[in-house]
Amino acid sequence: MNPVSIKNLTVAYHKKPVLQEVSFQAPEGKLIGIIGPNGAGKSTLIKAALGLIPTASGEIKVFDDQYKKQRKRVGYVPQRGSVDWDFPTNALDVVLMGRYGHIGWLKRPKKRDVELAKSCLDKVGMLEFANRQISQLSGGQQQRVFLARALAQDADVYFMDEPFVGVDAATEKAIISLLNELKAKGKTVLVVHHDLQTVEEYFDWVLLLNMRKIAFGPTKSTFTVDNLQKTYGGRLTFLTDQQVAVDGKQ
Ligand SMILES: Nc1ncnc2c1ncn2[C@@H]1O[C@H](COP(=O)(O)OP(=O)(O)OP(=O)(O)O)[C@@H](O)[C@H]1O
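Parameters and conventions
- Residues numbered from 1 in each chain as written.
- Predicted model: local features only at pLDDT ≥ 70, side-chain atom pairs only at ≥ 80, totals over all residues.
- Heavy atoms only, no water.
- Helix = DSSP H or I, 4+ residues; strand = E, 2+ residues; numbered from the N terminus.
- Buried < 20%, exposed > 50% of the residue type's maximum accessible area, 1.4 Å probe, protein only.
- Polar contact = N/O pair within 3.5 Å; in protein donor to acceptor, adjacent residues only side chain to side chain.
- Pairing = 2+ DSSP bridges.
- Axes fitted to C-alpha atoms, helices over the stretch in contact; angles between N-to-C directions.
- Expected span 1.5 Å × (residues − 1).

Visitor: Hey, could you run me through the environment of Gln153 in this one?
Guide: Mapped onto the fold, Gln153 is located in helix H6 (residues 139-153). Its relative accessible area of 15% is what places Gln153 among the buried residues. Here the side chain of Gln153 touches Val74 through a polar contact of 2.6 Å, landing on its backbone oxygen.

Visitor: Just checking my understanding: could you explain the sheet that holds strand S8 (residues 205-210) for this structure?
Guide: Within a sheet, neighbouring strands are paired by backbone hydrogen bonds and run either parallel or antiparallel to one another. If you walk across this open sheet you meet the six strands as S5-S6-S7-S3-S8-S9, and the pairing is mixed. Bordering the open sheet on either side are strand S5 (74-77) and strand S9 (212-218), each of which pairs with just one other strand. Averaged over all pairs of adjacent strands, the angle between their axes in this sheet comes to 15°, without regard to strand direction. Here S5 runs beside strand S6 (residues 157-161); their pairing, made up of four bridges, is parallel.

Visitor: How should the sheet that holds strand S1 (residues 4-13) be read in this particular structure?
Guide: Within the open sheet, the three strands sit side by side as S2-S1-S4. Their pairing is antiparallel. For this open sheet the edge positions go to strand S2 (16-26) and strand S4 (57-62), each flanked by a neighbour on one side alone. Averaged over neighbouring strand pairs, the angle between their axes works out to 20° when direction is ignored. With five bridges connecting them, S1 and S4 associate as antiparallel partners. Of the residues in S4, the one forming a bridge with Lys7 is Glu59.

Visitor: How do you make sense of H6 when you look at a structure like this?
Guide: Since the α-helix advances by 3.6 residues per turn, residues separated by three or four positions end up pointing in the same direction. Here H6 contains 15 residues, and its C-alpha end-to-end distance of 22 Å stays within 8% of the 21 Å for a straight helix at 1.5 Å per residue. Burial of H6 is extensive: 14 of the 15 residues sit out of reach of the surface.

Structure representation (structure tokens):
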């Protein structure tokens, strides 16, 4: 059974397609990087998979079933910029939101849920900020809280939209070790990622995307110079055999 199976997915904004005929099947228990230039449709792909935006055509299955029926098994870490951080809530409540699929809306979280939420905050080094308003956390701390929420959900598949953006080296390390922990538990994690230098180190599989699927497969055989050139076009320069730069940036 594939955790995520996408067939011929086409998504358009105002009739202009931004994803065309994208198909892939994510294997279980892998860290999968979603790689491509700005505007390639990476966030759109995630939002479509989660039913957050309408699709023009195609089929999305989660564990061979409709997403709606498997929602509890799917965790989402949104792009930091897409979240209303002024929403008056504290870090612990954000993490508890991850438990609502288990608790049920309008029901009070049980002591067990609160303890679990706290342990997730502890895991990302944020327990001491449990009662802090989220608007009063730094960007990297906010990101950690959202990861704690995803952990608390105890999902089987995770979609993460650029979790490494704007975080320091220590937080990046903490996030990657968390991703590896999820993987060790057999979870599948799909991560939108921009830093080409770390792709081989972080991900088992990659989806190279630029409106269409350019390639999908194990990183070693898929994250090749040829495929990168197809994904980024002329905007890619090769500094050395190991180093590539997009728009002159490494
Ligand atoms: N709500 C929207 N309305 C209209 N067009 C949109 C909307 N959201 C995204 N787009 C367009 O769809 C295309 C794909 O956007 P998307 O955010 O999926 O790209 P991305 O690969 O995640 O980019 P980035 O790396 O810059 O985050 C872009 O051309 C973008 O301008």
